[in-house]
Amino acid sequence: MKQISQSKGHCAGFLAYSIFGFNVIVCKQLADDALLSPTALFTIRAIAATLLFWIASCFTKKEKVERSDYGKIFIASMLGLLIPQATFLFAIGMTTSLDASILSALSPIFTMLFATFFLKEPLTSKKISGVALSFIGVIFLLFNSVRLTQGAATTTPLGIILLLCNSISFSCYLGIFRPLSSKYSVVTFMKWMFLFSMIVALPFGIGEIVSFNFQQMPTDYLLRLSFLVICATFISYFLIPVAQQNLRPTVVSLYSYLQPIIACVLSIIFGMDHFNLPKLIAIATIFCGIILVNKSKAKNTTD
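Points about the overall build of the protein chain
Counting its regular elements, the protein chain contains 13 helices and 0 strands. What you see in the protein chain, going N to C, is helices and strands ordered as α-α-α-α-α-α-α-α-α-α-α-α-α. Counting only residues that meet the buried cut, the protein chain has 52% of its 303 residues in that class. Considering only residue pairs separated by 6 or more positions, the protein chain has 91% of its internal contacts joining residues 24 or more positions apart. With the model as given, the accessible surface of the protein chain reaches about 14100 Å², and the carbon-plus-sulfur share is 71%.

Here you go:
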């Protein structure tokens, strides 16, 4: 039975982060088209996902949320949805898809650090060395960001900072809220998560959404927006709690390695970015740090 649960968790993690990999490219294209602001895109994402999860809850077993858990779910919503989604949508317009995917690979390190802190597990020399090495890689990427001769910088320091905030926030969510996400069904947990996220987002994006003429939206833009809402939001955030419920936080975060692999390959295929020596050095440094951290096992754990 445990093996079946773990298999389900692995499948959910694999599919969710594969979708996130494609989403890097889709969001970059949406940002380049600039028909809707990042704030409006995030608000649309929150509204649509809230509606979809609440509709889905009508066809699942009714489940009551304990009053004391609403505050915890609100904090989880901010850390797991609002902050990472909002920072990513702003950052993707300030970075190349390749740089964005490289920085997403830091998620397992942050997740392990948060899990270590909240589970009171000791830090090891490998963890400290790995974090330091990856940090050096990020700094090297920061000061050697790609710039195109035909236009403005494709990757900016602010974009990198926002992506780091994205990774830290979501890693904090993974490292802290596994017990809470396991307490309720996926649909119940996510319908409240997205409701809280939508309530906070509405004041910032509803004005632009109401004034936007959706009838004049190009078909390709509509298809990308549909992918963002249905696949990268509803489906992927349905799968993440399934993975959380069946796997340890560190294992779930390791599937984030799929995101940079898929995004890097697609960005090069579509001519959205290119490799150069500084970027290659940054990638190698970051991943060497990640390998060091993940080779450092906590006591009495198997992940």
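A short note on the pattern of salt bridges
One pass over the structure, following the stated rule, counts 6 salt bridges. Its salt-bridge partner being Asp69, residue Lys72 comes within 3.8 Å of it at the nearest N-O pair. Classification of Lys72 by relative accessible area gives partly exposed; the value is 44%. Notably, a salt bridge pairs Asp220 with Arg224, separated by 3.8 Å at the nearest N-O pair. Taken together, the residues span about one helical turn, with Asp220 and Arg224 both in helix α10 (residues 219-246) at a distance of 4 residues. If you follow the salt bridges from partner to partner, you end up with Glu66, Asp69, Lys72 and Lys183 in one network.

Re the side chain of Asn23
Assignment of secondary structure puts Asn23 in helix α1 (residues 2-33). For Asn23, a relative accessible area of 4% gives the class buried. Look past the residues within four positions of Asn23 in its chain and what remains in contact with it is Arg45, Phe88, Phe227, Leu228 and Ala232.

Some details on the nonpolar core
Membership of the largest hydrophobic core comes to 39 residues, with the highest contact counts inside it found for Leu36, Leu41 and Leu228. Core analysis: the next-biggest nonpolar cluster, separate from the first, contains 36 residues, Ala46, Phe189, Phe194 and Ile240 among them.

A closer look at the packing of aromatic side chains
A complete count under the given rule lists 13 aromatic pairs for this structure. Centroid distance Phe53 to Phe194: 5.6 Å. Interplanar angle 15 degrees. Geometry classified as stacked. One end of the pair, Phe53, is in helix α2 (residues 38-57); the other, Phe194, is in helix α9 (residues 186-211), with 141 residues separating them in the sequence. Neither residue differs from the other here; Phe53 and Phe194 are each classed as buried. Within the aromatic cluster, the residues linked to one another by ring pairs are Tyr17, Phe20, Phe53, Phe170, Tyr173, Phe177, Phe194, Phe234 and Tyr237. Between the NZ or CZ atom of Lys191 and the centre of the ring of Trp54, over which it lies, the distance is 4.2 Å.

Considering the packing of α2 against helix α3 (residues 70-91)
Helix packing for two helices is described by the angle between their axes and how far apart those axes are. Contact geometry of α2 with α3 gives a least axis separation of 9 Å together with a crossing angle of 140 degrees. One finds that α2 runs oblique with respect to α3. Remark: the crossing between α2 and α3 carries right-handed chirality. Contacts from Pro38, Thr39, Leu41, Phe42 and Arg45 of α2 reach α3 at Leu81, Leu82, Gln85, Ala86, Leu89 and Phe90. When its residues are assigned to classes, the contact of α2 with α3 shows 8 nonpolar, 2 polar and 1 charged.

Focus on the confidence of the model for the protein chain
For the protein chain, mean pLDDT is 81; residues scoring 70 or higher make up 81% of the total. Here residues 146-153 is a poorly scored stretch, pLDDT under 50, and it has 11 contacts once near neighbours within four places are set aside; other chains count. Note on residues 298-303: pLDDT is under 50 here. Beyond four places in sequence and across chains, it has 8 contacts.

Quick word on α3
Counted at 1.5 Å a residue, the expected span for α3 with its 22 residues is 32 Å, and the 30 Å between its end C-alpha atoms agrees. Met78 marks the point of greatest bend in α3, at about 35 degrees.

What to know about the side chain of Thr95
Note that Thr95 resides in the loop between α3 and α4 (97-104). For Thr95, a relative accessible area of 0% puts it in the buried group. Each residue touching Thr95, except ones within four places of it in the same chain, is listed here: Lys28, Ala100, Thr154, Thr155, Gly159, Ile160 and Leu163.

Things to note about the packing of helix α7 (residues 157-176) against α10
In the contact formed by α7 and α10, the axes pass within 10 Å of each other and the chain directions differ by 45 degrees. Taken together, α7 and α10 sit at an angle that is classed as oblique. Considering how the two elements wind past one another, α7 and α10 form a crossing that is right-handed. Counting all contacts with α7, which are made through Phe170, Tyr173 and Leu174, the residues of α10 involved are Tyr237, Ile240 and Gln244. The residue makeup of the contact of α7 with α10, split by class, is 5 nonpolar, 1 polar and no charged.

Calculation notes
- Residues numbered from 1 in each chain as written.
- Predicted model: local features only at pLDDT ≥ 70, side-chain atom pairs only at ≥ 80, totals over all residues.
- Heavy atoms only, no water.
- Helix = DSSP H or I, 4+ residues; strand = E, 2+ residues; numbered from the N terminus.
- Buried < 20%, exposed > 50% of the residue type's maximum accessible area, 1.4 Å probe, protein only.
- Contact = heavy atoms within 4.5 Å.
- Areas by Shrake-Rupley, 256 points an atom, 1.4 Å probe, with all protein chains shown as cover.
- Salt bridge = Lys/Arg side-chain N within 4 Å of Asp/Glu carboxyl O.
- Core = buried A, V, L, I, M, F, W, Y, C linked by side-chain atoms within 4.5 Å.
- Phe/Tyr/Trp six-rings, centres within 6.5 Å; stacked < 30°, edge-to-face > 60°.
- Lys NZ or Arg CZ within 6 Å of the ring centre and 35° of its normal.
- Axes fitted to C-alpha atoms, helices over the stretch in contact; angles between N-to-C directions.
- Parallel < 35°, antiparallel > 145°, perpendicular 65-115°, else oblique.
- Left-handed = near helix turned anticlockwise from the far one by under 90°.
- Nonpolar A, V, L, I, M, F, W, Y, C, P; charged D, E, K, R; others polar.
- pLDDT = per-residue confidence, 0-100.
- Expected span 1.5 Å × (residues − 1).
- Bend = angle between axes of the 7 residues up to and from the residue.

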